[in-house]
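Structural description and commentary
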Amino acid sequence: MLVLGIESSCDETAVALIEETPGEQQPRVLSSVISTQIPLHRLYGGVIPELASRNHSTNLPGVLKEALEKAGRSIREVDAFASTAGPGLVAALLVGNTAAKALALAAGKPFVAVNHLEGHMLSPFITHPGGLVPHLGLVVSGGHTLIINVQGSGNYELIGRSRDDAAGEAFDKVAKMLDLPYPGGPEIDKRAEQGDPTRFKFPRPMMHESHLDFSFSGLKTAVLYTLPKLVPSGNPNDLDEQTMCDLCAGVRQAIIDVLIHKAMRALKQTRHRVLAVSGGVSCNSALRRQLAERCKRARIELILPPNSLTTDNAAMIAFAGLLRAQAGDFSSLDTPVDPNLKLAGAQTRA
Ligand code: KG4
Ligand code: ZN
């Protein structure tokens, strides 16, 4: 079965083709093309929805052509078309979604509306030889921080989430405060590698509370109060380079400590022995190192997507679409996009 996936929920226009061949252990990603708009939005310090939507329209035909060429396949060979239906920016979602529906209609093939968060959550399993197994999912993206008890495809229980800023959002907001370019996660990560994570002790909210929810909004306030103590101007550009790196290392470690602590607590509670971590923040170098070390000590199998599949991509949408298509679970062409789409099949604890 050959599935074409389209992703356009935020600032990446992406198309991928994924193929499942009976008898093979895992599907093959034939192509995964991403056209990023980051340099454009960086000029404004964040994503401008109208610009994102307009650029998806301009970029999508070329990205689609390239993905088909790289895969060596034609539209006629595709068995199902999948696209992100939400959550995300509504006008951005509409571009990829309408394109996938139009292709499905023209080719006379089924359409699958995919939840972006489900795409992230399943992404560690694209390259996992055993395929999807019951596990604890930790999704850490720009918009969401979720802990999910995953029993199988479509069987999800949301057991923890951020009550305010997501982990990626915390990285981005602190970076903005430090006058670092958008998106802030990779910028903080880079500087943190040269910094001392113990010099500044930032808060680790809710870390020791027994529930599995997160709160990251206090971090930006802590950094805001720290700046004037370091330079009278409060201007981050007046900081010496080492202090900047130490601040970044302190912020990064505070976020990592909370993420790992809550994940370990959730593993104990659910008795899962497999942890899968996904979303843009999961390419953070220290998070990957420290997760690997903690999981090894606790004899937990850790599954991480390759770096190229952590931030937004269409391979994860095609893969989620493939699992749904294999189960014959298709979507009608009048399925709307939903900027606040919740994880399907996820029962949320009160
Ligand atoms: O999953 P993603 O591409 O988009 C959403 O669905 O939100 O995640 C983007 C987020 C941004 O907040 C970005 O700053 C963060 O992932 N990010 C990182 C790193 N690379 C990307 N955060 C920390 N360290 C990184 N290396
Ligand atoms: Zn995402």
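Residue positions are given per chain, counted from 1 along the sequence in the order it is written. Lettering for chains starts from A, numbering for ligands starts from 1, and both go in the order in which the items are written. Under the rules for a predicted model, residues below a pLDDT of 70 receive no local features and side-chain atom pairs below 80 are neither given nor counted, while totals for whole chains, interfaces and linings still include all residues. With hydrogens and water stripped out, all remaining heavy atoms of the structure feed into the side-chain values.

Okay, unusual backbone geometry next. Following Gly 86, the chain continues to Pro 87 via a peptide bond in cis, the omega torsion being -10°. Tracing the backbone shows Pro 87 in the loop between β4 (80–86) and α3 (90–107). Note that the residue after Tyr 182, namely Pro 183, is joined by a cis bond; omega there is -10°. Here Pro 183 is to be found in the loop between α5 (167–177) and α6 (184–192). One non-glycine residue, Asp 179, lies in positive phi territory at about 60°. The backbone phi angle of Met 206 is positive, close to 65°, even though this residue is not glycine. Comment: elements are numbered from the N terminus, with helices defined as DSSP H or I runs of at least four residues and strands as E runs of at least two. Looking at the secondary structure, you find Met 206 in the loop between α6 and α7 (217–230).

So, about the domain arrangement of the protein. All the domain ranges listed were derived from an automatic or database domain assignment. The domain boundaries assigned to the protein delineate domain 1 (2–127 + 309–326) and domain 2 (135–304). Taking only C-alpha atoms, the centre of domain 1 and the centre of domain 2 are 27 Å apart. Contact residues are listed per partner, giving 19 residues for domain 1 and 25 residues for domain 2. As a working definition, buried area equals the accessible area (1.4 Å probe) given up by two parts on being put together, with both sides summed. When domain 1 packs against domain 2, the two sides together hide about 1700 Å² of surface, and 71% of this comes from carbon and sulfur. Take a side-chain nitrogen of Lys or Arg and a carboxyl oxygen of Asp or Glu: if they are within 4 Å of each other, that pair is a salt bridge. Counting across the domain 1 and domain 2 interface gives zero salt bridges. Where the side of domain 1 that touches domain 2 is concerned, the elements lending two or more residues are α1 (38–42) and α4 (116–122). Element by element, the count of residues in the side of domain 1 that touches domain 2 is highest for α4, at five residues. When residues are grouped by polarity, Ala, Val, Leu, Ile, Met, Phe, Trp, Tyr, Cys and Pro land in nonpolar, Asp, Glu, Lys and Arg in charged, and all others, Gly among them, in polar. Split into classes, the residues belonging to the side of domain 1 that touches domain 2 amount to nine nonpolar, seven polar and three charged. Contacts are assigned to residue pairs that have any heavy atoms within 4.5 Å of one another.

Here we come to the coordination of the zinc ion (ligand 2). Because water is not among the atoms used, a metal site may look incomplete, as its donors are only the N, O and S atoms within 2.8 Å, or 3.2 Å for Na, K and Ca. Protein-derived coordination of the zinc ion (ligand 2) comes from His 116 (NE2), His 120 (NE2) and Asp 312 (OD), at a distance range of 2.0 to 2.1 Å. Here a site with four donors is tetrahedral if all angles are between 85 and 135 degrees, and a site with four or six donors is square planar or octahedral if opposite donors are over 155 degrees apart and the other angles are between 65 and 115; anything else gets the irregular label. Note that the zinc ion (ligand 2) binds four donor atoms; their angles at the metal cover 95 to 128°, and the shape is tetrahedral. Positions of the donor residues of the zinc ion (ligand 2) along the chain correspond to the pattern H-x3-H-x191-D. With His 120 in helix α4 and Asp 312 in the loop between β10 (301–303) and α10 (315–326), this residue pair connects regions lying 192 residues apart in the sequence. The classification of residues rests on relative accessible area computed with a 1.4 Å probe and restricted to protein chains. Under 20% of the type maximum is buried, over 50% is exposed, and intermediate values are partly exposed. For His 120, a relative accessible area of 1% gives the class buried. A relative accessible area of 14% places Asp 312 in the buried class.

Note on pairing: DSSP must find at least two bridges between two strands before they are called paired. One open sheet accounts for five strands, arranged β3-β2-β1-β4-β5; its pairing is mixed. In this open sheet, the two strands that pair with only one neighbour each are β3 (28–36) and β5 (111–115). Strand-to-strand, the axes of this sheet are offset by a mean angle of 20°, without reference to chain direction. Pairing between strand β1 (residues 2–7) and strand β2 (residues 12–19): six bridges, direction antiparallel. Across the sheet, the residue bridging to Leu 2 is Glu 19, located in β2. A fitted line through C-alpha atoms represents every axis, and for helices the fit uses only the stretch in contact; the resulting angles, taken between N-to-C directions, go from 0 to 180 degrees. Across the sheet, helix α2 (residues 49–71) touches β1, β2 and β3, and the angle it forms with β2 is around 25°. The strands that α3 touches are β1, β4 and β5; relative to β4, the one it contacts most, it runs at about 155°.

Taken together, 20 residues lie around ligand 1, and Gly 142, Asp 172, Gly 185, Gly 280 and Asn 284 are the ones closest in. For this analysis, a polar contact is any N or O atom pair within 3.5 Å, provided that within protein one partner can donate a hydrogen and the other can accept it, and provided that sequence-adjacent residues contribute only side-chain to side-chain pairs. At 2.7 Å from an oxygen atom of ligand 1 is found a side-chain nitrogen or oxygen belonging to Asp 172. To measure how exposed things are, a 1.4 Å probe is used in the Shrake-Rupley method; for residues, cover is taken only from the protein chains shown. Coverage of ligand 1 by the protein amounts to 88% of the 560 Å² it exposes when considered alone. Of all the elements in the fold, those that place two or more residues in the shell around ligand 1 are α4, α5 and α6. In terms of residue count, α6 provides more of the shell around ligand 1 than any other element does, four residues in total. For the shell around ligand 1, the per-class residue count stands at five nonpolar, twelve polar and three charged. Here the shell around ligand 1 spans two domains, since at least three of its residues come from each of domain 1 (2–127 + 309–326) and domain 2 (135–304). We call a residue near a molecule or strand when any one of its heavy atoms sits within 4 Å of it.

A pair of cysteine sulfur atoms is labelled a disulfide when the two atoms are within 2.5 Å. Overall, the coordinates contain zero disulfides when judged by the stated rule. Here Cys 248 is not disulfide-linked; the sulfur of Cys 245 is the nearest cysteine sulfur, at 6.4 Å. The thiol sulfur of Cys 283 is not disulfide-bonded, and the nearest other cysteine sulfur, from Cys 10, lies at 15 Å. On the basis of relative accessibility, which here comes to 29%, the residue Cys 283 falls in the partly exposed class.

Turning to the environment of Ser 32, a few remarks are in order. Note on placement: Ser 32 falls in strand β3. According to the relative accessible area criterion, Ser 32 is partly exposed, its value standing at 33%. In sequence terms Ser 32 and Gly 96 are 64 residues apart; their C-alpha atoms lie 15 Å from each other. Apart from residues no more than four positions distant in its own chain, Ser 32 is found in contact with Val 15, Ala 16, Asn 313 and Ala 315.

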